[in-house]
Amino acid sequence: MAWIECVPNVSEGRRKDVIRAIGESIVNVPGADLRSVHSDVDHNRTVYTIVGSPFSVREAAFRCVAAAQEHIDISDHDGVHPRFGAADVVPFIPLSGANLARCGTWARELAQRIESELEIPTYTYGAASENGETLPEVRRRADRAHPTAGAVAVGARDLLIAYNVMLDTTDLAVAKRIARAVREADGGLPAVRALGFALPSRQCVQVSMNLIDFRKSSPLRAYRRIRQLARDEKVEVIGSEVVGMIPREAVDRGLRAALKSNMLQVLDPEPSLLDRIAARTPTPAGGSAAAHTGALAAALVVMSCDLSRPTPRLRELRLKADRLRAQLGQLVEADARAYQEWSQSQEESALREATEIPVQIMERCAELWSIAAAATQHCEDKVSSDCSAGRRLAETARDIAADTARANLPLITDGTFRSKIARRLAAAFSG
């Protein structure tokens, strides 16, 4: 399953009703997960962070651009950040199961759709551009614009960190000198782009950076360099922030020292099981959910046994529950793989395997139900409700897995196989 990120930058950071309306256009797309909304009144700009499957993210990005066109008149816009469009920049970023080349293709497809359906001029950059044009280069050459929506830059790039440092002065020249000293193009830190901005609402100035490769220049490295340069200018650093989300890979022990203002929002490059189930894909689905629920039930039983006075019977039950926890955890992915193989091949042998896996999940959950019921009678009162919760979850997981297997049986022509499955289904509910 491919998992990507899109970070539309919209030229509105002040009107809360508009910011909310554009956000709603994103969350109304099934499978598009709006993870972060970061607005700045001085920049007059909002950054939305969307993650999900390529289909869902592309649709959400298009609706975001359409909503920005509806609500924002770029000819009447003011703010310190460079911009040429209502929806100014729309980059795609590969997270898992995708690469820059694929993101570049999806970005170009979105750009074409924006041009044809919304009649907004678009420009491509990064991996979406045939010649690898950068965003600053696009801004310099842009010569077409919609009367109210301006233009849109649609691109594809790797993960970066948008990082700002605020200085205790209103002298914009100081911020610009420091920005020039830290950006790579002027001999500063590697993989850093930087600009200096005035922030009238906060009566200070800001060095605004894109850390293009945080492995070369981390937020902490940038923060320390700016702090040194600021002290040379006889000013102090009074705040710093990450705009949007930060890749988990960039989170280290020194990161907190570089953040002085906002909360840290971490982006995982791999989707969680909940993310994958919610995505607009047929797998993972009911069988995997049943296995995960069963593993969660087993974990509750293990915990309840560990927090009770140890007895030979509880130790025995704990070992059995822990064994089932491991097996059910493995069956989460096994079920997804089996169903995916059948959906691709449509062969009956693959469908039999896609039926066998949920039957195994059902049987293990039925066994776990009995173990949890016994453990509830032996564990201490302080954890009896947790152990009972594990028993009820095991029962639910058993029922879900059985329903998943039953749904496949009418599609299977092998009568012997169907009879064996029917007997196993009945046995799981006979206790």
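About the criteria used
- Residues numbered from 1 in each chain as written.
- Predicted model: local features only at pLDDT ≥ 70, side-chain atom pairs only at ≥ 80, totals over all residues.
- Heavy atoms only, no water.
- Helix = DSSP H or I, 4+ residues; strand = E, 2+ residues; numbered from the N terminus.
- Contact = heavy atoms within 4.5 Å.
- Areas by Shrake-Rupley, 256 points an atom, 1.4 Å probe, with all protein chains shown as cover.
- Lys, Arg positive; Asp, Glu negative; His and termini not counted.
- Charge placed at Lys NZ, Arg CZ, Asp CG, Glu CD.
- Core = buried A, V, L, I, M, F, W, Y, C linked by side-chain atoms within 4.5 Å.
- Buried < 20%, exposed > 50% of the residue type's maximum accessible area, 1.4 Å probe, protein only.
- Salt bridge = Lys/Arg side-chain N within 4 Å of Asp/Glu carboxyl O.
- Phe/Tyr/Trp six-rings, centres within 6.5 Å; stacked < 30°, edge-to-face > 60°.
- Expected span 1.5 Å × (residues − 1).
- Bend = angle between axes of the 7 residues up to and from the residue.
- Pairing = 2+ DSSP bridges.
- Axes fitted to C-alpha atoms, helices over the stretch in contact; angles between N-to-C directions.
- Parallel < 35°, antiparallel > 145°, perpendicular 65-115°, else oblique.
- Left-handed = near helix turned anticlockwise from the far one by under 90°.
- Nonpolar A, V, L, I, M, F, W, Y, C, P; charged D, E, K, R; others polar.
- Polar contact = N/O pair within 3.5 Å; in protein donor to acceptor, adjacent residues only side chain to side chain.

What about the overall build of the protein chain?
Right, so step 1: Across its full length, the protein chain holds twelve helices and 13 strands.
Right, so step 2: Seen through its principal axes, the protein chain has C-alpha atoms that stretch 80 × 55 × 40 Å.
Right, so step 3: When contacts within the protein chain are restricted to residue pairs at least 6 apart in sequence, long-range pairs at least 24 apart make up 72% of them.
Right, so step 4: Per element, the accessible surface of the protein chain, about 19,700 Å² overall, is 48% carbon and sulfur.
Right, so step 5: Charged side chains of the protein chain number 56 positive and 55 negative; the gap between the two group centres comes to 5 Å.

Some details on the nonpolar core
Right, so step 1: Counting residues in each nonpolar core, the largest one holds 47 residues, and the members touching the most others are Val-301, Leu-328, Leu-331, Ile-361, Met-362, Leu-368 and Leu-425.
Right, so step 2: Counting only elements with at least two residues in this core, the list comes to α8 (286-306), α9 (312-345), α10 (348-378), α11 (381-408) and α12 (415-428).
Right, so step 3: Of the residues forming this core, the biggest block, 14 residues, is contributed by α10.
Right, so step 4: In this structure Leu-331 touches Ala-291, Ile-357, Gln-360, Ile-361 and Arg-364, once residues within four positions along its chain are discounted.
Right, so step 5: Counting residues in hydrophobic clusters, the runner-up holds 38 residues, among them Val-18, Ile-26, Tyr-48 and Ala-67.

Concerning the pattern of salt bridges
Right, so step 1: Counting across every chain of the model gives 34 salt bridges.
Right, so step 2: Arg-35 is the partner of Asp-33 in a salt bridge, and the nearest nitrogen-oxygen pair spans 2.6 Å.
Right, so step 3: Given the relative accessible area of 28%, Asp-33 is considered partly exposed.
Right, so step 4: As a salt-bridge pair, Arg-144 and Glu-115 come within 3.4 Å of each other at their nearest N and O atoms. Taken together, the positions of Arg-144 in the loop between α4 (135-141) and β7 (152-156) and Glu-115 in helix α3 (residues 100-118) put the pair 29 residues apart, joining distant regions of the chain.
Right, so step 5: We classify Arg-144 as partly exposed; its relative accessible area is 38%.

Quick notes on the side chain of Glu-356
Right, so step 1: By the secondary structure assignment, Glu-356 is in helix α10.
Right, so step 2: When near neighbours in sequence (up to four residues on either side) are disregarded, Glu-356 contacts Ile-421 and Arg-424.

Things to note about the packing of aromatic side chains
Right, so step 1: Applying the stated criterion across every chain yields a total of two aromatic pairs.
Right, so step 2: The interplanar angle of 35° and the centroid separation of 6.1 Å between the aromatic rings of Phe-84 and Tyr-123 together place this pair among those described as tilted. Of this pair, Phe-84 sits in the loop between α2 (54-71) and β5 (87-96) while Tyr-123 is found in strand β6 (residues 122-126), placing the two residues 39 residues apart along the sequence.
Right, so step 3: You can call Tyr-123 buried: its relative accessible area is 3%.
Right, so step 4: When the centroid spacing of 5.6 Å and the interplanar angle of 55° are considered together, the rings of Tyr-339 and Trp-342 count as tilted. With Tyr-339 and Trp-342 both in helix α9, this residue pair falls three residues apart, about one helical turn.

Quick notes on α9
Right, so step 1: With 34 residues, α9 should cover 50 Å at 1.5 Å per step; its first-to-last C-alpha distance of 49 Å lies within 8% of that length.
Right, so step 2: At Val-332, α9 shows its maximal bend, which comes to roughly 25°.
Right, so step 3: Elements in contact with the buried residues of α9: α7 (273-278), α8 and α10.

Structural notes on the pairing of β7
Right, so step 1: Counting buried positions along β7 gives five out of five residues, so the element sits mostly inside the fold.
Right, so step 2: As judged from the four bridges shared by β5 and β7, these two strands associate in the parallel manner. Bridge pairing in β7 links Phe-92 to Ala-156.
Right, so step 3: Direction of pairing for β6 relative to β7: parallel, over a ladder of five bridges. Within β7, the residue paired with Thr-122 across the bridge is Val-152.

A look at the pairing of strand β3 (residues 32-40)
Right, so step 1: Both β3 and strand β4 (residues 45-52) contribute to a ladder of eight bridges, which runs antiparallel. Bridge assignment links Asp-33 to a residue of β4, and that residue is Val-51.

A word on the sheet that holds strand β11 (residues 237-243)
Right, so step 1: Taken together, four strands build an open sheet; the order of strands is β9-β10-β8-β11 and the sheet is antiparallel. What marks the edges here is a single partner per strand, and that holds for β9 (192-199) and β11. Direction aside, neighbouring strands of the sheet carry axes that sit 20° apart on average.
Right, so step 2: Of the strand pairs in this sheet, strand β8 (residues 161-167) and strand β10 (residues 204-211) are connected by seven bridges, and their pairing is antiparallel. Within β10, the residue paired with Val-165 across the bridge is Val-207.
Right, so step 3: Relative to the sheet, helix α5 (residues 172-182) contacts β8, β9 and β10, its axis offset from that of β9 by approximately 175°.

Section: the packing of α5 against helix α6 (residues 219-232)
Right, so step 1: The geometry of α5 relative to α6 is characterised by a closest axis approach of 10 Å and an angle of 135° between their N-to-C directions. By the angle class used here, α5 and α6 are oblique. The element α5 and its partner α6 pack so that their crossing is right-handed. Mapping the contact onto sequence places Ile-178, Ala-181 and Val-182 in α5 and Arg-225, Ile-226, Leu-229 and Ala-230 in α6.
Right, so step 2: Partitioned by chemical class, the residues of the contact of α5 with α6 number six nonpolar, no polar and one charged.

Observations concerning the environment of Asp-399
Right, so step 1: As for its position among the elements, Asp-399 is in helix α11.
Right, so step 2: Distance in space between the C-alpha atoms of Asp-399 and Leu-425 is 9.9 Å, their sequence separation being 26 residues.
Right, so step 3: A distance of 3.0 Å separates polar atoms of two side chains, one belonging to Asp-399 and the other to Arg-398.

Note that every value here comes from positions in space, so none of it alone points to a role or purpose.
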